[in-house]
Amino acid sequence: MDTATVLQSLISGLTLGCIYAALGLGLFVVYGVTRVLNLAQGEFVMLGGMLTVSFVTVGIPLALAIVLAVLMTMLSGLFLYRFIIYPARHASGSTLAFLTVGFAFAIEGITLLVFGWEYRSLTAFLGSSSIHLWGATIFGQAPWVVGMTVLMVVGLFFFFDHTLVGKALRACADEPLGARSVGIDINRMALLAFILASALGAVAGATITPLTMTAYNVGIPLTIKGLLAAFVGGIHRAEGVILGGLLVGFAEALSAGLMPTGYHDAIALGLLLAVFLARPRGLLPAHGVAE
Amino acid sequence: MMRELGVIIPAIADRYGVRGGRVASVIALAVLLTLPLWGNTYLVTVFSTIALYSIVALGLVLLTGLAGQVSLGQGVFYGIGAYVSAICTVRLGLPPALAAVIGVVVAGLVAVPVGRAILRLRGIIVAGVTLTVNLVFFYLVVSVSSLTGGATGFVLIPRFSAPHFMRYSTFVFYLAWLLAIVCLVLTLHLARSRIGRALKAGNLLAGGSEDTAQVLGIDVMHYKVGAYVVAAVFAGTAGAVYAHYMTVIEPNSCGAQFSVLIAIMVIVGGVTNPWGALLGAGLIVGITEFFREVAPILVGGPTGAYELAAYGIVLVLCLLFLPEGLFSLPARLRRRREA
């Protein structure tokens, strides 16, 4: 147990934490506005990564490839809401969640058909050089992942606090009836939430692919980690989701560094589940709202 | 377009009439029970799988249809039944039948504290948490490799001591269907009993309310945990039989995807209808086998690709157009004819 190992664990914890926070933010946006637990959030991340890789492979420059991938993923988010969620919008929460499960399976199947089962990767955005720091190694892509999440958080807070559309979204989340009575079109806001979540997912997917690789089946495990982040921190507030994501990331990385090899995944997830079951409303519960 | 489809699909079924339910089920039962006499080993295996999945799905009907708790973690108990039974035979040298019973008991015992911890939560969160529990279980099985065989799986599990006059696959076929029918009868009976009514009273999905039931003096938590344990026992039973049938068990055969598939079977068949569990299991296993065996021959391409998309599409179509499941189709048609 030396400082290098601890430092290494902290660095990968931060990186992983940012990935899970990004996933949690996507879940938060959809859940907040529509009360739908979107179990297809991980598929948006997968699509963002897979599409970017395939655009780059055919020779499109990276930046343009990411933009195209994000736009196409947003289309899938639009499809999910307009043709699957919207027709059943009055159904129970579990029906809506299972509709997103069905969508997730369909997306996975189609991706497998189109792209095959191979794991794919991207070269890091600025070359694959690593930084060495007191015996720890930082992969060149890691700062991009952290930066992407920070940018996402700042952007979302600005959007929710300072733009009219963002405020309307927040109104739907806080008080749907009140929002409707002041003339906010709830269905349009719900559509926007799904598109926003798919865009967040796709950006995250493109950014993490050089680090984590991607394949048709990475979506469901990512969704589960995002759920855990959202539950532990509290899905009702953006701050809660971000805190939860960082906790999940650090728990995973620290137990990988400190715990006996092989057991670390089970230990980290088990601990987080225990935290959640002890505080079922999340570490940062909703502001004074009785559930 | 959605509304048109909602009319067209029942209309097609109407045209090719689903009539004479009783005659149809007698014929189906006769065909099923004589299957080992005329079917090949492949067909017998497929139908044994359907029986085992039906057992797990029936547990979920109790839990979701009656108690209103959506679980995406039935694979945990299926896995416990399978692994405990395998460990008891291979490491402790117990006979498979006894080991299977131990596996089922352990599954039930584990369900008590897990159920108590999880079922305090309400609503769709339960689904997310059970899914996470399933992932934790998966990691545990992979990491305790000295006991479970790790990611590659537990191999060389001994078979049940079957009578000599029939093939092993035939023996398992009858065993699995016997168990499935016992579970079906038990579920039907529970649904109509005092316990079933108490569960329904506290079931939000069936128009009940947990708080109201509580005020009426029903210990809702007690009944919910009870339903959870019974569901776990069902899943454990299926898992134990599966382990001694296939003689192999691997972490993926009780992972998150398995649990989600079980939930899909229940939804497609009809959450509140125990018969629907059998229908859903049959449909999903049918899709799996069709796309694994037939589609690659017809159109080529990788196996495993088509069935994933098919599960998803079937699930979405079912939830949108037949929210009460395939089993509600005859009743719907009758209502349409009368209307």
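Reading the values: the criteria
- Residues numbered from 1 in each chain as written.
- Chains lettered and ligands numbered in written order.
- Predicted model: local features only at pLDDT ≥ 70, side-chain atom pairs only at ≥ 80, totals over all residues.
- Helix = DSSP H or I, 4+ residues; strand = E, 2+ residues; numbered from the N terminus.
- Buried ≥ 20, exposed ≤ 12 C-beta atoms within 10 Å, placed from the backbone.
- Contact = placed C-beta atoms within 7 Å.
- Rg over C-alpha atoms; globule rule 2.2 N^0.38 Å.
- Nonpolar A, V, L, I, M, F, W, Y, C, P; charged D, E, K, R; others polar.
- Core = buried A, V, L, I, M, F, W, Y, C linked by C-beta atoms within 7 Å.
- Axes fitted to C-alpha atoms, helices over the stretch in contact; angles between N-to-C directions.
- Parallel < 35°, antiparallel > 145°, perpendicular 65-115°, else oblique.
- Left-handed = near helix turned anticlockwise from the far one by under 90°.
- pLDDT = per-residue confidence, 0-100.

A. Spatial organisation of the overall build of chain B. The number of helices and strands found in chain B is 16 helices and zero strands. Out of the 339 residues in chain B, the part that is buried amounts to 50%. Here the analysis covers contacts within chain B between residues at least 6 apart in sequence; of these, 77% occur between residues at least 24 apart.

B. Expanded view of the overall build of chain A. Scanning chain A for helices and strands turns up 11 helices and two strands. Along its sequence from the N terminus, chain A presents helices and strands in the succession α-α-α-α-β-β-α-α-α-α-α-α-α. Against the 2.2 N^0.38 benchmark of 19 Å for 291 residues, chain A shows a C-alpha radius of gyration of 19 Å, consistent with a compact globule. When its C-alpha atoms are laid out on the principal axes, chain A stretches across 60 × 50 × 35 Å. Among the 291 residues that make up chain A, the fraction classed as buried is 52%. Long-range pairs, those at least 24 residues apart, make up 75% of the contacts in chain A between residues at least 6 apart in sequence.

C. Geometry of the interface of chain B and chain A. The interface of chain B with chain A comprises 38 residues on the first partner and 39 residues on the second. Taken together, the elements giving at least two residues each to the side of chain B that touches chain A come down to α7 (125-143), α13 (256-269) and α15 (305-321) of chain B. Tallying contributions element by element places α7(B) first for the side of chain B that touches chain A, with 12 residues. Looking at the side of chain B that touches chain A, its residues break down into 30 nonpolar, seven polar and one charged.

D. Representation of the nonpolar core within the structure. Formed by 212 residues in total, the largest nonpolar core has its most connected members in A193(A), A57(B), M265(B) and L315(B). With 18 residues, the single largest contributor to this core is helix α12 (residues 220-246) of chain B. Those residues in contact with A57(B) that lie beyond four places of it in its chain are I262(B), M265(B), V266(B), A277(B), G280(B) and A281(B).

E. Representation of the environment of A201(B). Residue and element names in this part refer to chain B. Among the secondary structure elements, A201 is positioned in helix α10 (residues 194-201). When the C-alpha positions of A201 and T212 are compared, they lie 8.0 Å apart, and in sequence the two are 11 residues distant. If near-sequence neighbours (up to four positions away) are discounted, A201 is found in contact with G208, A213, L216 and I218.

F. Geometry of the packing of helix α6 (residues 96-118) of chain B against α12(B). Residue and element names in this part refer to chain B. It is the contact of α6 with α12, at a shortest axis distance of 8 Å, that shows an interaxial angle of 150°. Our classification of the angle between α6 and α12 gives roughly antiparallel. Pair α6 / α12 crosses with right-handed handedness. Across from P96, A100, G103, V104, A107, G108, A111, V112, G115 and R116 in α6, the residues of α12 making contact are V225, Y228, V229, A232, V233, A235, G236, T237, G239, A240, V241 and H244. In terms of residue class, the contact of α6 with α12 is made up of 14 nonpolar, seven polar and one charged.

G. Molecular detail of the packing of helix α9 (residues 219-233) of chain A against α7(B). Taken N-terminus to C-terminus, the directions of α9(A) and α7(B) make an angle of 120°; their axes are 10 Å apart at the nearest point. In this view, α9(A) runs oblique relative to α7(B), as classed from their interaxial angle. Read as a crossing pair, α9(A) and α7(B) show a hand that is left-handed. Residues I224(A), L227(A), L228(A) and F231(A) of α9(A) pack against I125(B), G128(B), V129(B), L131(B), T132(B) and L135(B) of α7(B). Residues of the contact of α9(A) with α7(B), tallied by class, amount to eight nonpolar, two polar and no charged.

H. Inspection of unusual backbone geometry at higher detail. One non-glycine residue, M213(A), lies in positive phi territory at about 65°. With respect to the helices and strands, the residue M213(A) is situated in the loop between α8 (186-212) and α9. By C-beta crowding, M213(A) is classed as partly exposed, having 15 other C-beta atoms within 10 Å. A positive phi angle is found at T247(B), which is not glycine, with a value near 60°. Summarising the element assignment, T247(B) is placed in the loop between α12 and α13.

I. View of the confidence of the model for chain A. Counting all residues, the mean pLDDT for chain A is 89, and 98% of those residues have values of 70 or more. Within chain A, the element-level pLDDT minimum falls on strand β1 (residues 131-133) of chain A, averaging 78, and the maximum on helix α3 (residues 62-85) of chain A, averaging 96.

J. Layout of the environment of L190(B). All names here are of chain B. Mapping L190 onto the fold places it in helix α9 (residues 168-192). According to the C-beta neighbour criterion, L190 is partly exposed, with 19 such atoms within 10 Å. For the pair L190 and L62, spaced 128 residues apart in sequence, the C-alpha separation works out to 8.3 Å. Residues in contact with L190, not counting those within four places in the same chain, are L62, I195 and G196.

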